[in-house]
Amino acid sequence: MMLTFCYANFGLPQNILKYMEDLKINLELLPDNALRLSNLCGRLNENIKTIERTLSLRIQQRGNVFCLKGSKAAISDGCQVLKSLYGLTESGKLINPQMINLTVHEIRHNEAKSDAEPASDRSSENSTLIKTSRTSVKPRGQHQKNYVKNIRKNDISFGIGPAGTGKTYLAVACAVEALMNGNVNRILLVRPAVEAGEKLGFLPGDLTQKIDPYLRPLYDALYEMLGFEKVGRLIEKNIIEVAPLAFMRGRTLNHSFIILDESQNTTSSQMKMFLTRIGFGSTAVITGDVTQIDLPKGTRSGLVQVSKILDSITEIGFTYFAAKDVVRHLLVQQIVEAYDAFDKKTVSKINSKDSSQINERDS
């Protein structure tokens, strides 16, 4: 790789530097391979445009040399993103928007390790890699790594945070890995049968058929990691069971990997019931987003309560995700942050209104 600075700071005063905010750097990608470069840039340079929009910089290409213009931080991130993506083209992988988003997410969360980093930290990169029969899943960001470590270490783990942070996907990957390695005998995927604005009673079929569409994200993750035919066979043999939470009452689950998804929609009694189903040799992962509770008004979420009740038990792992951990489309992260800001503003207005009313009564 070759980096060329088009101009540098030779001790210029700050009042002059502020007019020279944009740097310009030439990045040469080697080897010079037309097919790989075409894959990197995308049709009509759509991949380059995506990188420009995401990192707020300008990129001009001539052959295998890319001229990056922008702030120092944007250029640094842009160089790492281009080099990382170009490395992926060596294996023939087709660069797409999802790969760009994930690569940018890695760079922004310091996933690209420097040579100065201790070897123990670099080796932990592979220690959290989840291997399934069809693919390998790499946790991205420190929170995802901690989440996987908690799942492997503890019999009960919680993943709490907004949509798109990989809570369910990583839990399913860990479950598949445990089943393939013989650590558990079966996988149970559980969700509470709570209506999210729609009426389940109008759907055809029994309770299992009514709840099946709500379990689709779990099926999708399984299909990706095991394949359609294998998932079908495992479900037929009852090695993989997908069920609504109501079906768990009265059972004791030994040597199983149990995932309770969308647990923000459990009541306090349902959460207690589920946690007391755990038997010997079992692992339970509970995921949820406390900002998307669909319970009837006035009903307290079991997830909100349990995080306060069990937080002091060291054998139970809690991982809290934030908007910055979102690994879906980059717009999803911005949407989550916008909603968080709006909710905080609304709560602030309500609190200020309540305090003013109290002051008026006191006066």
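Residues numbered from 1 in each chain as written. Predicted model: local features only at pLDDT ≥ 70, side-chain atom pairs only at ≥ 80, totals over all residues. Heavy atoms only, no water.

**Re the packing of aromatic side chains**
Considering all chains together, one arrives at five aromatic pairs under this definition. Ring geometry for Tyr147 against Phe321: centres 5.3 Å apart, planes inclined by 80°, an arrangement best described as edge-to-face. Note that Tyr147 is positioned in helix α7 (residues 142–153) and Phe321 in the loop between β12 (316–320) and α14 (330–362), a separation of 174 residues in sequence. Ring geometry for Tyr219 against Tyr223: centres 6.2 Å apart, planes inclined by 20°, an arrangement best described as stacked. Placement of both Tyr219 and Tyr223 in helix α10 (residues 216–226) is noted, with a separation of four residues, approximately one turn of the helix. For Tyr219, a relative accessible area of 11% gives the class buried. You can call Tyr223 buried: its relative accessible area is 19%. Linked through ring pairs, Phe158, Phe318 and Tyr320 together constitute an aromatic cluster. The ring of Tyr86 has Arg36 sitting right over it, with the charged end atom 4.2 Å from the ring centre. (Phe/Tyr/Trp six-rings, centres within 6.5 Å; stacked < 30°, edge-to-face > 60°. Helix = DSSP H or I, 4+ residues; strand = E, 2+ residues; numbered from the N terminus. Buried < 20%, exposed > 50% of the residue type's maximum accessible area, 1.4 Å probe, protein only. Lys NZ or Arg CZ within 6 Å of the ring centre and 35° of its normal.)

**Structural notes on the sheet that holds strand β11 (residues 283–288)**
If you trace the six strands from one edge of the open sheet to the other, you get β9-β8-β10-β11-β7-β12, paired in parallel fashion. Of all strands in the sheet, those bounded by a partner on one side alone are β9 (240–244) and β12. When the angles between neighbouring strand axes are averaged without regard to direction, this sheet yields 15°. Pairing analysis gives five bridges linking strand β7 (residues 156–160) to β11, with the strands arranged parallel. For Ser157, the partnering residue across the bridge sits in β11 and is Val285. (Pairing = 2+ DSSP bridges. Axes fitted to C-alpha atoms, helices over the stretch in contact; angles between N-to-C directions.)

**Re the nonpolar core**
The biggest cluster of nonpolar side chains holds 33 residues, and the ones touching the most others in it are Val172, Ile187, Leu222, Phe257 and Ile259. When contributions to this core are tallied by element, the ones reaching two or more residues are α7, α8 (167–180), β8 (186–191), α10, α11 (228–236), β9 and β10 (256–260). Those residues in contact with Ile187 that lie beyond four places of it in its chain are Ala175, Val176, Leu179, Ile239, Ile240, Glu241 and Phe257. In terms of nonpolar packing, the next biggest core, distinct from the first, is built from 26 residues, Leu29, Leu40, Ile48 and Ile51 among them. (Core = buried A, V, L, I, M, F, W, Y, C linked by side-chain atoms within 4.5 Å. Contact = heavy atoms within 4.5 Å.)

**What to know about the packing of helix α3 (residues 46–55) against helix α5 (residues 97–108)**
Where α3 meets α5, the axes come as close as 11 Å, and the angle between the chain directions of the two elements is 35°. Pair α3 / α5 crosses with right-handed handedness. Contact residues: Asn47, Thr50, Ile51, Thr54 and Leu55 in α3; Ile100, Val104 and Arg108 in α5. The class makeup of the residues in the contact of α3 with α5 is four nonpolar, three polar and one charged. (Left-handed = near helix turned anticlockwise from the far one by under 90°. Nonpolar A, V, L, I, M, F, W, Y, C, P; charged D, E, K, R; others polar.)

**Structural notes on the pattern of salt bridges**
Overall, the coordinates contain five salt bridges when judged by the stated rule. Between Arg191 and Asp261 there is a salt bridge; the shortest N-O distance is 2.7 Å. Of this pair, Arg191 sits in strand β8 while Asp261 is found in the loop between β10 and α12 (268–275), placing the two residues 70 residues apart along the sequence. By relative accessible area, which is 9% here, Arg191 ends up buried. By relative accessible area, which is 2% here, Asp261 ends up buried. The structure contains a network of salt bridges with shared partners spanning Arg186, Glu241 and Arg251. (Salt bridge = Lys/Arg side-chain N within 4 Å of Asp/Glu carboxyl O.)

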